[in-house]
Amino acid sequence: MFISGGSAGIGFAIARQAAIDGARVSILARDASKLEAAREEIRRTTGAEVAIYSADIRDEAAVNKAIAAAGTIDLLVSNLGVGIGKEFEDTTMEEIRFQVDVNIMGTLYLLKAALPRMKKASAEDGLPRSISFTTSMGGQTGVYGYAVYCATNYAVRGLAEALQMELHGENIHLSLILPGDTDTATGNKDRTTRPELTNLISGTSAMQTAEEVATLAIKGIRAADFNVCVNSQGLMLALATAGFSPQRSFLMAFLEVFGGGLMRFAGLCYLSSWYKTIEEYKGKTRKARK
């Protein structure tokens, strides 16, 4: 297993759980000191050795070098989710480019480096390979204060849907991991700086730990699920926004077909609540300014 963004948060939790399960794990991140700390923590708690690669995901050459050094990859986890919580008008072009470069271009660099090797390995040994993208529920619905982040999530979803078609018959399965608000250091810091309205709206979904997300993510990947939902709200959104996403489960296909209308109704109820929150908040803000 090769995990980008594996030194902290959800990426680290996936790496640690995979090590517990006996997988050979490699993690990539930019900060060498955090990588060393992550490796030591996994070694201390699991007894497993983890390979680490320090590289900026925006550096194509560095990503290629890390992928080549990692050897055979059975599961690639593109755990890239840089989100800057700001209203669009307040977001600088530098912040926009940063999110696009990390979330989209970083994902493409990983794929271009790893996919040919994974296809070749699968053709030689006949074993399946998996590619997973950690996006978020921001790839299923727009979220106030995260216009650019949601745009990058939607881009990765489109990439995954199209690429799964191209890889049909190649014994390579793709998955989208779709967490909501998660209790991580980065997420907790972001919640103190993003718009207050974002926190009010996000308060309608329960917070999860990175370990909870990791356990459900690995389970979904092993089941070859395309949409890996880690909470009930994510499942509702998956049913409501299934569209042309691939589906390997007859049960989930049945729920999508016959439950889609109901989930659309539930989605409209959520949206109504969100828009009401926005209207009330902006109304109070306008009154305060007078």
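The paragraphs below set out a description of the structure included in this document. Keep in mind it's a predicted model, so treat the numbers as computed, not measured.

1. Re the pairing of strand S3 (residues 50–54)
Here is step 1: Bridge analysis of strand S2 (residues 25–29) against S3 gives five bridges, and the strand direction is parallel. What sits directly across from Ala29, in S3, is Ser54.
Here is step 2: With respect to chirality, the unit in which S2 leads through helix H2 (residues 32–46) into the neighbouring parallel S3 is right-handed.

2. A word on the sheet that holds S3
Here is step 1: Read across the open sheet, the seven strands follow the order S3-S2-S1-S4-S5-S6-S9; overall the sheet is parallel. The open sheet is flanked by S3 and strand S9 (227–229), the only strands paired with a single partner. Here the strands of the sheet are splayed against their neighbours by 20° on average, with no regard to which way each runs.
Here is step 2: As judged from the three bridges shared by strand S1 (residues 2–4) and S2, these two strands associate in the parallel manner. By the bridge assignment, Ser4 is partnered in S2 with Leu28.
Here is step 3: Along the sheet, helix H5 (residues 147–166) contacts strand S5 (129–134) and strand S6 (172–178); its crossing angle with S6, the most-contacted strand, is approximately 160°.
Here is step 4: Where helix H8 (residues 210–222) meets the sheet, it contacts strand S4 (75–78), S5, S6 and S9, and its direction lies at approximately 150° from that of S9.

3. Description of a nonpolar patch on the surface
Here is step 1: A grouping of Leu251, Phe254, Leu255, Val257 and Phe258 is seen on the molecular surface, where their side chains present a nonpolar patch of about 550 Å² in accessible area.
Here is step 2: Counting through the fold element by element, Val257 comes out in helix H10 (residues 250–289).
Here is step 3: Note on Val257: relative accessible area 62%, which makes it exposed.

4. Section: the environment of Val228
Here is step 1: Relative to the elements of secondary structure, Val228 occurs in strand S9.
Here is step 2: Note: C-alpha distance between Val228 and Thr198 (30 residues apart in sequence) is 24 Å.
Here is step 3: Contacts of Val228, omitting those with residues within four sequence positions, involve Ser175, Leu176, Ile177, Leu178, Leu216, Ala217, Gly220 and Ile221.

5. Looking at helix H6 (residues 185–193)
In an α-helix there are 3.6 residues to a turn, and that puts residues three or four apart on one side.
Here is step 1: The set of residues buried in H6 consists of Gly187, Asp190 and Arg191. Each buried residue of H6 lies within a common arc of 105° when the element is viewed along its axis, so the set occupies one face. Pointing more than 90 degrees away from the buried face of H6 are the exposed residues Ala185, Lys189, Thr192 and Thr193.
Here is step 2: Buried positions along H6 lie against strand S7 (182–183) and helix H7 (196–202).

6. Description of the pattern of salt bridges
Here is step 1: Overall, the coordinates contain 13 salt bridges when judged by the stated rule.
Here is step 2: Residue Glu40 is joined to Arg43 by a salt bridge in which the shortest nitrogen-to-oxygen separation is 2.6 Å. With Glu40 and Arg43 both in helix H2 and three residues apart, this pair spans about one turn of that helix.
Here is step 3: Given a relative accessible area of 30%, Arg43 falls into the partly exposed group.
Here is step 4: The closest approach of N and O atoms between Arg129 and Asp125, which form a salt bridge, is 2.8 Å.
Here is step 5: A single salt-bridge network, built from bridges that share partners, covers Arg30, Asp56 and Arg58.

7. Topic: empty space enclosed by the protein
Here is step 1: For the coordinates displayed, the defined rule picks out three cavities of 30 Å³ or more.
Here is step 2: Taken as a whole, the largest cavity holds about 40 Å³ of empty space.
Here is step 3: Contributing elements (two or more residues each) for the lining of the largest cavity: helix H4 (93–125), S5 and H5.
Here is step 4: Here the lining of the largest cavity gets three residues from one element, more than from any other, and that element is H5.
Here is step 5: Its residues assigned to classes, the lining of the largest cavity comprises three nonpolar, seven polar and no charged.

Quick notes on the rules
Residues numbered from 1 in each chain as written. Predicted model: local features only at pLDDT ≥ 70, side-chain atom pairs only at ≥ 80, totals over all residues. Heavy atoms only, no water. Pairing = 2+ DSSP bridges. Helix = DSSP H or I, 4+ residues; strand = E, 2+ residues; numbered from the N terminus. Right-handed = clockwise from strand over helix to strand, strands pointing away. Axes fitted to C-alpha atoms, helices over the stretch in contact; angles between N-to-C directions. Contact = heavy atoms within 4.5 Å. Patch = residues over 30% accessible without salt bridge, like charges linked within 9 Å, V, L, I, M, F, W, Y side chains within 5 Å. Areas by Shrake-Rupley, 256 points an atom, 1.4 Å probe, with all protein chains shown as cover. Salt bridge = Lys/Arg side-chain N within 4 Å of Asp/Glu carboxyl O. Buried < 20%, exposed > 50% of the residue type's maximum accessible area, 1.4 Å probe, protein only. Arc of directions from axis to C-beta. 1 Å grid on protein atoms, 1.4 Å probe; cavity = no way out; pocket = protein on both sides within 12 Å on 5 of 7 lines; lining within 4 Å. Points joined across faces, edges and corners; volume = space filled by probe spheres on them. Nonpolar A, V, L, I, M, F, W, Y, C, P; charged D, E, K, R; others polar.

Honestly, that's just the spatial picture; any functional story needs more than this.
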